[in-house]
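# Reading the structure
These are the residues of each chain, in order.
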Amino acid sequence: MDILYRSTRGGESGVTASRAVIKGLCDDGGLFVPESFPRLNISLDRLPELSYRETAYEVMKEFLTDYTKEELLYCINSAYDEKFDDEEIAPLVKKGDMYFLELFHGRTIAFKDMALSILPYLLTTALKKNNVDKEVVILTATSGDTGKAALAGFADVPGTRIIVFYPKGGVSRIQELQMVTEKGKNTKVVGVKGNFDDCQSGVKAIFNDEELKAELNSEGFCFSSANSINIGRLIPQVSYYVYAYGRMVKGGHIKAGDKLDFTVPTGNFGNILAAFYAKQMGLPIGKLICASNENKVLYDFFNTGDYDRNREFILTTSPSMDILISSNLERLIYFIGGCDPKKNADLMRSLEKNGRYEIDDKMKEGLKDFYGAYAGEDEVFETIDSIYKETGYVIDTHTAVAAAADRKYKAGAHDENRSVIISTASPYKFTRNVMRAIGKENDETDDFKLVDELSAISYRM
Ligand SMILES: *Cc1c(COP(=O)(O)O)cnc(C)c1O
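Below is a short write-up of the structure. The structure presented is a predicted model; accordingly, all values stated were derived computationally and were not measured. (Residues numbered from 1 in each chain as written. Predicted model: local features only at pLDDT ≥ 70, side-chain atom pairs only at ≥ 80, totals over all residues. Heavy atoms only, no water.)

## With respect to the site of the ligand
What surrounds the ligand is a group of 15 residues, the closest being Lys112, Gly267, Asn268, Asn271 and Thr424. Taking Lys112, its side chain carries an N or O atom lying 2.5 Å from an oxygen atom of the ligand. Here the ligand loses 96% of its free accessible area of 390 Å² to cover by the protein chains. In terms of residue class, the shell around the ligand is built from five nonpolar, eight polar and two charged. (Near = heavy atom within 4 Å. Polar contact = N/O pair within 3.5 Å; in protein donor to acceptor, adjacent residues only side chain to side chain. Areas by Shrake-Rupley, 256 points an atom, 1.4 Å probe, with all protein chains shown as cover. Nonpolar A, V, L, I, M, F, W, Y, C, P; charged D, E, K, R; others polar.)

Rendered as structure tokens:
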């Protein structure tokens, strides 16, 4: 069955997957969603036999139906290779009575590598399939993490160039060095005098400059974006959950068919939405525990049905989750509203105009697959420390938000299911806060030295 894509706001429909990957965003400002959900076409008993790459193929072939088998295998095999420092690509580890799916074994040691490794291949393949005879220029504004992952993903990929804009002085020293030392021949990094919003508005202005677009076009180039709302980033993420399920069965922790919960540290709602899509495919998922930091818009939303971004923006130690507008939530809103583009467009207009919207009781029913939880800064630090003391395993601040949320959910004894905590960054990426949490920070020591010190005291890696 062919899966086609349509806009959450009603503009476009009947769009092939490869076209949706090229476009990224719909013309009406909506997001591309599948017109129907495919089923997983492999029995749960067989999942444990599959490698990460094989699992990714099983998932992606159902969603990206206009890509041929050869094309998908080329994309998957090019993306998930030795640039990951673990053969498993996304290893599942058990620590104490907790399970962690480690998504940080790529080049920038955080989970955005997983999807940004494959997007360049899906995109260049899509251009070829659709006879778009242009070199694609990716423009990306970053507040730190996405920039390096996008640079690493697109570096030296034929037919692409990438320019990243970051706020000069607004990212950490390690993040800046990660970006400016990028060696790819088709990459450029620009430090902007201003903040992240200035970078973002600048990029948008370039995208909307028709004259520039025409000039580029005549020279054989076109613009595209590596933004997280592209289905070329969303769909590959569905594989994490199917793979984790297979590993849980393989390890004897669950039986094929048992329900499994997932706890996901959430910002833009992309990763957890992918889990929801896995559930729609027929994977036996129980609850999806949506973990927020102190910017707990989503926690409030799941508890009240009121999405309200009118509040103070808090800078936390899990910066990749410091977000007040979770763009991918629109895809869930569209779905629980009965796939009604008008209803969705009205709510999104309200969000743009008033910074909030409220869903009706019928839509609230649709949230039953989710459980919203959040962790304050003290809880994040306490969680890193106690897991380290109990197991010797060191987790980063983002993963700690999820681990704390997971504990809260279990303390409420909501169900008997096993749960997997999604681990989105290596502790080595946020070393200072991790070392502070376990009481080993030394103010005198620079960040690079701290990395060595962390390495000496943690049992693994
Ligand atoms: C981006 C990011 C998240 C949040 O993921 P979303 O898909 O935006 O919800 C969590 N942790 C880390 C380390 C990230 O980089």
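## Concerning the sheet that holds strand β9 (residues 260-265)
In spatial order, the strands read β3-β4-β14-β9-β10-β13; together these six strands make up an open sheet with mixed pairing. Each having just a single partner strand, β3 (92-95) and β13 (370-374) make up the two edges of the open sheet. Averaged over neighbouring strand pairs, the angle between their axes works out to 25° when direction is ignored. The pairing of strand β4 (residues 98-102) with strand β14 (residues 418-423) spans four bridges and is parallel. Paired with Glu102 across the strands is Ser423, a residue of β14. Relative to β13, helix α12 (residues 297-304) is tilted by about 135°, and along the sheet it contacts β10 (285-292) and β13. (Pairing = 2+ DSSP bridges. Helix = DSSP H or I, 4+ residues; strand = E, 2+ residues; numbered from the N terminus. Axes fitted to C-alpha atoms, helices over the stretch in contact; angles between N-to-C directions. Contact = heavy atoms within 4.5 Å.)

## Quick word on the packing of aromatic side chains
Across all of its chains, the model carries 24 aromatic pairs by this definition. Summarising the aromatic geometry, the rings of Phe111 and Tyr240 are spaced 6.5 Å apart at their centres and angled 80° between planes, so their arrangement reads as edge-to-face. Taken as a pair, Phe111 in the loop between β4 and α4 (112-116) and Tyr240 in helix α10 (residues 231-250) lie far apart in primary sequence, 129 residues in all. Of the residues examined, Tyr240 reaches a relative accessible area of 0% and is grouped as buried. For the ring pair Tyr371 and Tyr409, a centre distance of 4.8 Å and an interplane angle of 65° mean the geometry is edge-to-face. Of this pair, Tyr371 sits in strand β13 while Tyr409 sits in helix α17 (residues 397-411), and the two are 38 residues apart along the sequence. Overall, Tyr371 belongs to the partly exposed group, its relative accessible area being 25%. Its guanidinium or amino end placed over the ring of Tyr374, Lys296 lies 5.2 Å from that ring's centre, counting from NZ or CZ. Between Lys408 and the ring centre of Tyr374, over which it is positioned, the NZ or CZ distance is 5.0 Å. (Phe/Tyr/Trp six-rings, centres within 6.5 Å; stacked < 30°, edge-to-face > 60°. Buried < 20%, exposed > 50% of the residue type's maximum accessible area, 1.4 Å probe, protein only. Lys NZ or Arg CZ within 6 Å of the ring centre and 35° of its normal.)

## Focus on the side chain of Asp300
Relative to the elements of secondary structure, Asp300 occurs in helix α12. Owing to a relative accessible area of 18%, Asp300 belongs among the buried residues under this scheme. Among all residues touching Asp300, those that are not within four sequence positions of it are Gly305, Asp306 and Arg311.

## Let's talk about α17
Its 15 residues place the ends of α17 21 Å apart at the C-alpha level, agreeing with the 21 Å of an ideal helix rising 1.5 Å per residue. Positive phi appears at Ala413, one or two residues downstream of α17, with a value of about 45°. (Expected span 1.5 Å × (residues − 1).)

## Things to note about the packing of helix α6 (residues 145-154) against helix α7 (residues 173-180)
Between α6 and α7, the least distance of the axes is 9 Å, while the angle of their chain directions is 20°. The orientation of α6 with respect to α7, classified from their angle, is roughly parallel. You can see that α6 and α7 cross each other, and the crossing is left-handed. Where α6 abuts α7, its residues Asp145, Gly147, Lys148 and Leu151 lie against Gln175, Gln178 and Met179. (Parallel < 35°, antiparallel > 145°, perpendicular 65-115°, else oblique. Left-handed = near helix turned anticlockwise from the far one by under 90°.)

## Looking at the state of the cysteines
The tally for this structure, following the rule as stated, stands at zero disulfides. Take Cys26: it sits in no disulfide, and the sulfur closest to it among the cysteines is that of Cys339, at 14 Å. The class for Cys26 is buried, based on a relative accessible area of 3%. (Disulfide = S-S within 2.5 Å.)

## A word on the packing of helix α11 (residues 270-280) against helix α13 (residues 329-336)
At a minimum axis distance of 10 Å, the contact between α11 and α13 shows a crossing angle of 35°. Counted together, Leu273, Phe276, Tyr277 and Gln280 of α11 and Arg331, Leu332 and Phe335 of α13 form the full contact between these two elements. Across the contact of α11 with α13, the residue classes tally to five nonpolar, one polar and one charged.

## Considering the sheet that holds strand β8 (residues 221-224)
With respect to topology, four strands assemble into an open sheet ordered β7-β6-β5-β8, the strand pairing being parallel. Only two strands of the sheet have a single partner each, and these edge strands are β7 (187-192) and β8. Shown here is a sheet whose adjacent strand axes are inclined to one another by a mean of 20°, direction ignored. Summarising the sheet, strand β6 (residues 160-167) and β7 pair through six bridges and their orientation is parallel. By the bridge assignment for β7, Tyr166 is matched with Gly191. Along the sheet, α6 contacts β5 (135-141), β6 and β7; its crossing angle with β6, the most-contacted strand, is approximately 165°. Taken strand by strand, α7 contacts β6 and β7, and its axis lies near 155° from that of β6.

## Some thoughts on the side chain of Thr125
Here Thr125 is to be found in helix α5 (residues 119-129). For Thr125, a relative accessible area of 7% corresponds to the buried category. At 2.6 Å, the side chain of Thr125 and the backbone oxygen of Tyr121 are in polar contact. Once you skip the residues sitting within four places of it in the chain, Thr125 turns out to touch Tyr67, Glu71, Tyr74 and Cys75.

## Quick word on the environment of Ser18
Positionally, Ser18 belongs in helix α1 (residues 17-23). We classify Ser18 as buried; its relative accessible area is 0%. Aside from chain neighbours lying at most four places away, what touches Ser18 is Asp66, Tyr67, Ala126, Lys129 and Asn130.

## Comments concerning the pairing of β4
Counting buried positions over the five residues of β4 gives five, a clear majority of the element. Residues Met98, Phe100 and Glu102 line one face of β4 and the alternating positions Tyr99 and Leu101 line the opposite face, and both faces are buried. Sheet analysis places β3 next to β4, joined by four bridges and oriented antiparallel. When the sheet's bridge partners are listed, Val93 is paired in β4 with Phe100.

Taken by themselves, the reported measurements are silent on function.
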